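The residues making up each chain are set out below.
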Amino acid sequence: MKTKTLTSVSVVNPQKLKINSTTHLLYVIPSNYEEILNNIREFGILTPLLVNKDYVVISGNLRLKIAIELKLKKVPVVFTDTPNEMMDILAVSSNKFRTKSMVDIASEIRFYDEYYSLRRGERTDLNPQMKLVKDEKDSAYKSIGQYRINKLKSIEKKLKKLHGNTEYSIDILNKQLRKIDEDVCTLNELDKKLERELLNKCNEENKGLKYEIKTHKVSIFNKDCIDMSELKNGIIQTIITSPPYYWMFDYGTGKDQNGQEKTVEEYVENLVRIFDV
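Residue positions are counted from 1 within each chain, in the order its sequence is given. With pLDDT at 70 or above as the cut-off, local features in this predicted model cover only qualifying residues; side-chain atom pairs require 80 or more to be listed or tallied, and sums for whole chains, interfaces and linings still use all residues. Side-chain figures throughout are based on the complete set of non-hydrogen atoms in the structure, without hydrogens or water.

Draft legend 1. Just the overall build of the chain, in detail. Secondary structure elements follow DSSP: runs of H or I no shorter than four residues count as helices, runs of E no shorter than two count as strands, and numbering proceeds from the N terminus. Looking only at helices and strands, the chain has 10 helices and 7 strands in total. Accessibility here uses a 1.4 Å probe with only protein chains present; expressed as a share of the type maximum, an area under 20% marks a residue as buried, one over 50% as exposed, and anything in between as partly exposed. The buried share of the chain, taken over its 277 residues, is 35%. In this analysis, two residues are considered to be in contact whenever any of their non-hydrogen atoms come within 4.5 Å of each other. Within the chain, counting contacts between residues at least 6 apart in sequence, those at least 24 apart form 69% of the total. For the chain, the accessible area works out to roughly 19,000 Å², and carbon and sulfur atoms hold 53% of it. Only the protein chains shown count as covering a residue, and every accessible area follows the Shrake-Rupley method with a 1.4 Å probe.

Draft legend 2. Inspection of the packing of aromatic side chains at higher detail. Pairs were defined over the aromatic rings of Phe, Tyr and Trp, the Trp ring being its six-membered one, requiring ring centres within 6.5 Å. Orientation was assigned from the angle between planes: stacked under 30 degrees, edge-to-face over 60, tilted for the rest. Applying the stated rule across the entire model yields 2 aromatic pairs. The interplanar angle of 40° and the centroid separation of 5.3 Å between the aromatic rings of Tyr246 and Tyr267 together place this pair among those described as tilted. You can see Tyr246 sitting in the loop between β7 (219–222) and α10 (264–275) and its partner Tyr267 sitting in helix α10, a full 21 residues away along the chain. Given a relative accessible area of 24%, Tyr246 falls into the partly exposed group. For Tyr267, a relative accessible area of 12% gives the class buried.

Draft legend 3. Main features of helix α2 (residues 33–43). Burial in α2 covers these residues: Tyr33, Leu37 and Ile40. The buried residues of α2 occupy an angular sector of 65° when the element is viewed end-on, so they sit on one face. Away from the buried face of α2 by more than 90 degrees, exposed residues Glu35, Glu42 and Phe43 are located. The secondary structure elements touched by the buried residues of α2 are α3 (61–69). At the exit of α2 stands Gly44, carrying a positive phi of roughly 85°. Directions are taken from the helix axis to each C-beta atom, and the arc is the one they span.

Draft legend 4. Spatial organisation of the confidence of the model for the chain. Per-residue confidence for the chain averages 80 on the pLDDT scale, and 79% of its residues sit at or above 70. Confidence scores per residue from the predictor, reported as pLDDT, run from 0 to 100. The lowest-confidence element of the chain is strand β1 (residues 4–5), averaging 48 in pLDDT; the highest-confidence one is strand β2 (residues 10–12), averaging 91. Under a pLDDT of 50 for its full length, residues 1–5 has, in the predicted model, 17 contacts with residues more than four places off or in other chains.

Draft legend 5. Broad picture of helix α8 (residues 170–181). Here α8 is 12 residues long and its end C-alpha atoms lie 16 Å apart, about the 16 Å a rise of 1.5 Å per residue gives. For α8, the complete set of buried residues consists of Leu173, Asn174, Gln176, Leu177 and Ile180. Projected down its long axis, α8 carries its buried residues within an arc of 165°, all on one side. Exposed side of α8, more than 90 degrees from the buried face: Asp171 and Lys175 are the residues found there. Remark: Asp183 follows α8 within two positions and exhibits a positive phi of approximately 60°. Given a helix with a known number of residues, its expected span is that number minus one, times 1.5 Å.

Draft legend 6. Looking closely at the pattern of salt bridges. Any carboxyl oxygen of Asp or Glu within 4 Å of a side-chain nitrogen of Lys or Arg constitutes a salt bridge here. In the structure shown here, the tally under the stated rule is 4 salt bridges. In this structure, Glu195 and Lys158 form a salt bridge, with 3.5 Å as the shortest nitrogen-oxygen distance. Here the residue Glu195 occupies a position in helix α9 (residues 187–206), and Lys158 occupies one in helix α7 (residues 146–167), the gap between them amounting to 37 residues. The salt bridge involving Lys193 is made with Glu197; its shortest N-O contact spans 2.5 Å.

Shown next, in the form of structure tokens:
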């Protein structure tokens, strides 16, 4: 099926139009909402809304919201004859060039992955409609960039592990992503921070699990080497060690871990104390 758009502009009472529920849930209200509202108050709506024959908005939810808020009597619209099964993909793709927050971008990625991912073995050459969907998704992903897609998926995966599938919610993800929108941190910094939190959680869950494995040739002690009272003096002939580098890696064992000291001097003193044991 093809989408047919009438090129002529009509004027419609905004009260007759219906908000697009898909994009309404996907996108947050932009930070410059008041600026857009004041611009429309002064100059009116310059770009027509795109709507279907049932008066559902395909592109222009924000303009419709502002029109209703400003109590405008008429708004410009262009009608399009779009099949119902293509409404969502067209609505999202029409927002391709909109300035988006990181929360918006993450919502788009979930939308495309959940509703418009091709199943294994599905052929687009036998289904022109699926080809259109694939092309729209590929185009959207290209504009987002593979780096951001990978990072956002990594962040969401880590948050699910930290909170558990039962406690995790999209609100938790959005709260973290707003830190990027507010310039508190970068996408990469947030991903690394969550990686450290996961490591800390793992270490907390396994804290105190000291054990010994002994055979007739080998003894393994999983514990802090500052106390090796199990061993008799003089029985060790060779030590192979790899001390933690100063501020190069967080092992997630707490503030007192080696390598996380406040000064280099304190770091060296702790190493000397361990080697002297």
